[in-house]
Amino acid sequence: MIRGKRFEGKVAIVTGSTQGIGYSIAHRLGLEGASVVVSSRNQENVDEATQKLKGQGIQVLGLVCHVSNAQHRKDLIHKTLEKFGKIDVIVSNAAANPMAGKSIATIMGTQESILDKMWEVNIKAPILLMQEAAPHMKNGSIIFISSISAYMKIILDSSQLKRLGTPEEIAAAAAFLASDDASYITGETLVVAGGIPSRL
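Thresholds applied
Within every chain, residues take consecutive numbers counted from 1 along the sequence as written. Confidence filtering applies because this is a predicted model: local features only for residues at pLDDT of at least 70, side-chain atom pairs given and counted only at 80 or more, and all residues used for totals across whole chains, interfaces and linings. Computation of side-chain values covers all heavy atoms of the structure but excludes hydrogens and water. UniProt positions are given in the numbering used here, feature names are shortened, and annotations may be inferred rather than shown by experiment. Whenever Lys or Arg places a side-chain nitrogen within 4 Å of a carboxyl oxygen from Asp or Glu, that contact is recorded as a salt bridge. Comment: elements are numbered from the N terminus, with helices defined as DSSP H or I runs of at least four residues and strands as E runs of at least two. Angles run from 0 to 180 degrees between N-to-C directions of axes, and those axes are lines fitted to C-alpha atoms, restricted for helices to the stretch in contact. Roughly parallel means an angle under 35 degrees; roughly antiparallel means over 145; roughly perpendicular covers 65 to 115; every other angle is labelled oblique. By convention the crossing between two helices is left-handed if the near helix lies anticlockwise of the far one by an angle smaller than a right angle, and right-handed if it lies clockwise. When checking whether two residues touch, look at their non-hydrogen atoms; a contact exists if any pair is within 4.5 Å. For this scheme, ten residues count as nonpolar: Ala, Val, Leu, Ile, Met, Phe, Trp, Tyr, Cys and Pro. Four count as charged, namely Asp, Glu, Lys and Arg, and the remainder, Gly too, count as polar.

- Of the comments in the UniProt record for the chain, the one headed Sequence similarities (unreviewed entry) reads "Belongs to the short-chain dehydrogenases/reductases (SDR) family."

Dropping the structure here:
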């Protein structure tokens, strides 16, 4: 159950947010009062997510953005400021993981072009987006969402709760970190993994 409006009057950009965890984060922030900017590489997905959020009374702007595209990142910032006048929260959720569920032998044989893509999308793009947005954020929050996929049985066997987490549970953690409730937390990794041992 969602209580309160911790993001009333705030503006949040969530990348990779038309489906799954990203959508759930945008939805959660919107239900708590934020104006949200959703984005993905696919216009049809952007339109569908925008309409769903609007249907729940959430103020939303939908934009096509491939985070590794410099002009797309600039447009994301510019159009957000044009529409809402400020940026309070950025959740960097967009990611590429073509190695999910692959064996170590497959990973060791990964082509350099795939590694370059992972670097561009997962590391370089979020940092550049943060740099571009920073001048427009006074006391804002920036959150990086890391998604690690593995074989389902391994996850279930390792979890203390013996179930998979939901996108809504990740969204709840992201909303906490972006809120004033987490004002004295910075530079930390919050593991949301149902008790699965982590070395992060």
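There is more to say, and it comes next.
## Considerations on the pattern of salt bridges
Part 1 of the argument: In total, this model carries 8 salt bridges according to the counting rule given.
Part 2 of the argument: Linking Arg-163 and Glu-169 is a salt bridge whose minimum nitrogen-to-oxygen distance equals 2.6 Å.
Part 3 of the argument: Salt bridges sharing common partners tie together Arg-6, Arg-28, Glu-32 and Asp-181.

## Side note on unusual backbone geometry
Part 1 of the argument: Located in the positive-phi region is Lys-162, a residue other than glycine, with phi close to 55 degrees.
Part 2 of the argument: Of note, Lys-162 is situated in the loop between helix H6 (152–158) and helix H7 (167–178).

## Section: the packing of helix H1 (residues 20–31) against H7
Part 1 of the argument: Following both chains from N to C, one finds H1 and H7 inclined at 50 degrees, their axes separated by 8 Å at the closest point. Taken together, the axis directions place H1 and H7 in an arrangement best described as oblique. The crossing of H1 and H7 is right-handed. Across from Gly-20, Ile-21, Ser-24, Ile-25, Arg-28 and Leu-29 in H1, the residues of H7 making contact are Pro-167, Glu-168, Ile-170, Ala-171, Ala-172, Ala-174 and Ala-175.
Part 2 of the argument: Its residues assigned to classes, the contact of H1 with H7 shows 9 nonpolar, 2 polar and 2 charged.

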